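Coordinate inspection notes
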Amino acid sequence: MSDTAPSAAAPLIVIDLQTGMFDGRFDPPIHDADAIAARARNLIDWARRSGRKVAFIRHDGPAGDPLAPGASGWPVWPQLGQAAGEPTFGKTVGNAFSNAELGQWVAGQGARDVVLIGAQTDFCVAATVKGAFAEGLGVTVVSDAHSTLDSEKEKAPAIIARHNAAFAEQGARLTTTAALTGKY
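**Focus: unusual backbone geometry**
The residue after Ala 119, namely Gln 120, is reached through a cis peptide bond having omega -20 degrees. Its location among the elements puts Gln 120 in the loop between β4 (113–119) and α3 (121–134). For Asp 16, which is not glycine, the phi dihedral falls at a positive 55 degrees. Within the element layout of this structure, Asp 16 appears in the loop between β1 (12–15) and α1 (33–49). We note that Asp 32 has phi near 60 degrees; this positive angle belongs to a residue other than glycine. Turning to its location among the elements, Asp 32 is positioned in the loop between β1 and α1.

Right, here's the structure in full:
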């Protein structure tokens, strides 16, 4: 894929940036949580200014999980400022495109590509990159607007860097928040 900007129709897909990724009640916040939230908000504002649609993905965990429907960690992080008309698509597995309604919504925008941000890099973001490719979509990953937690063997910054390289190898276009929005 070329290094050009995403198409004008490419919607911004905000993956699993839910309260439980930021509030620290059950798990530590994702790596660089405050900066990720700020970048996500900048990208959401950029998408709106540029006439792009924004969709939010919400992981629906099993009963008892901090991300279970109705649990305190489940809602989209309020600081992102989701607008009333911006849809939320639920999912129970990593790939956001497992919810067929998301693919239909993207197609309804006339989009052939998507811009992806969110959490967690090594789980739902990685699965959604693959899922978007399986849908025949082009993919732009904002390399500094997705995050994860440390694993037992690897710190979050290394996981993020490794996955950014893998996304590029898979054919995703990588960009930064500043390259798209002109700030942060």
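**Regarding the layout of surface pockets**
By volume, the largest pocket is sized at about 270 Å³. Looking at the lining of the largest pocket, its residues break down into ten nonpolar, three polar and three charged.

**Overview of the side chain of Thr 175**
With respect to the helices and strands, Thr 175 occurs in strand β6 (residues 173–175). In this structure Thr 175 touches Thr 140, Val 141, Val 142, Ser 143, Asp 144 and Leu 180, once residues within four positions along its chain are discounted.

**Concerning the sheet that holds β4**
Within the open sheet, the six strands sit side by side as β3-β2-β1-β4-β5-β6. Their pairing is parallel. In this open sheet, the two edge strands, each paired with only one partner strand, are β3 (88–91) and β6. Direction aside, neighbouring strands of the sheet carry axes that sit 25 degrees apart on average. Relative to strand β5 (residues 138–147), β4 runs parallel, the two being bridged by six bridges. Counterpart to Val 114 in the pairing with β5 is Val 139. Sitting on the sheet, α1 is in contact with β1, β2 (54–59), β4 and β5, with an inclination near 145 degrees to β5.

**Side note on the side chain of Ser 143**
With respect to the helices and strands, Ser 143 occurs in strand β5. Its relative accessible area of 18% is what places Ser 143 among the buried residues. Each residue touching Ser 143, except ones within four places of it in the same chain, is listed here: Ile 160, Asn 164, Thr 175 and Thr 176.

**What to know about the environment of Pro 87**
Here Pro 87 shows up in the loop between β2 and β3. Separated by 32 residues in the primary sequence, Pro 87 and Ala 55 have C-alpha atoms spaced 5.2 Å apart. Among residues more than four places away in sequence, those in contact with Pro 87 are Val 54, Ala 55, Phe 56, Gln 82 and Trp 105.

**Some thoughts on the packing of aromatic side chains**
Centre distance and the angle of the planes are the two values used to describe a pair of aromatic rings. Counting across every chain of the model gives two aromatic pairs. Between Phe 22 and Trp 77, the aromatic rings sit 5.0 Å apart at their centres with planes inclined by 15 degrees, giving stacked as the arrangement. Here Phe 22 is found in the loop between β1 and α1, whereas its partner Trp 77 is found in the loop between β2 and β3, with 55 residues between them in sequence. Among the residues examined, Trp 77 registers a relative accessible area of 13% and is labelled buried.

Reading guide: rules and limits
Residues numbered from 1 in each chain as written. Predicted model: local features only at pLDDT ≥ 70, side-chain atom pairs only at ≥ 80, totals over all residues. Heavy atoms only, no water. Helix = DSSP H or I, 4+ residues; strand = E, 2+ residues; numbered from the N terminus. 1 Å grid on protein atoms, 1.4 Å probe; cavity = no way out; pocket = protein on both sides within 12 Å on 5 of 7 lines; lining within 4 Å. Points joined across faces, edges and corners; volume = space filled by probe spheres on them. Nonpolar A, V, L, I, M, F, W, Y, C, P; charged D, E, K, R; others polar. Contact = heavy atoms within 4.5 Å. Pairing = 2+ DSSP bridges. Axes fitted to C-alpha atoms, helices over the stretch in contact; angles between N-to-C directions. Buried < 20%, exposed > 50% of the residue type's maximum accessible area, 1.4 Å probe, protein only. Phe/Tyr/Trp six-rings, centres within 6.5 Å; stacked < 30°, edge-to-face > 60°.

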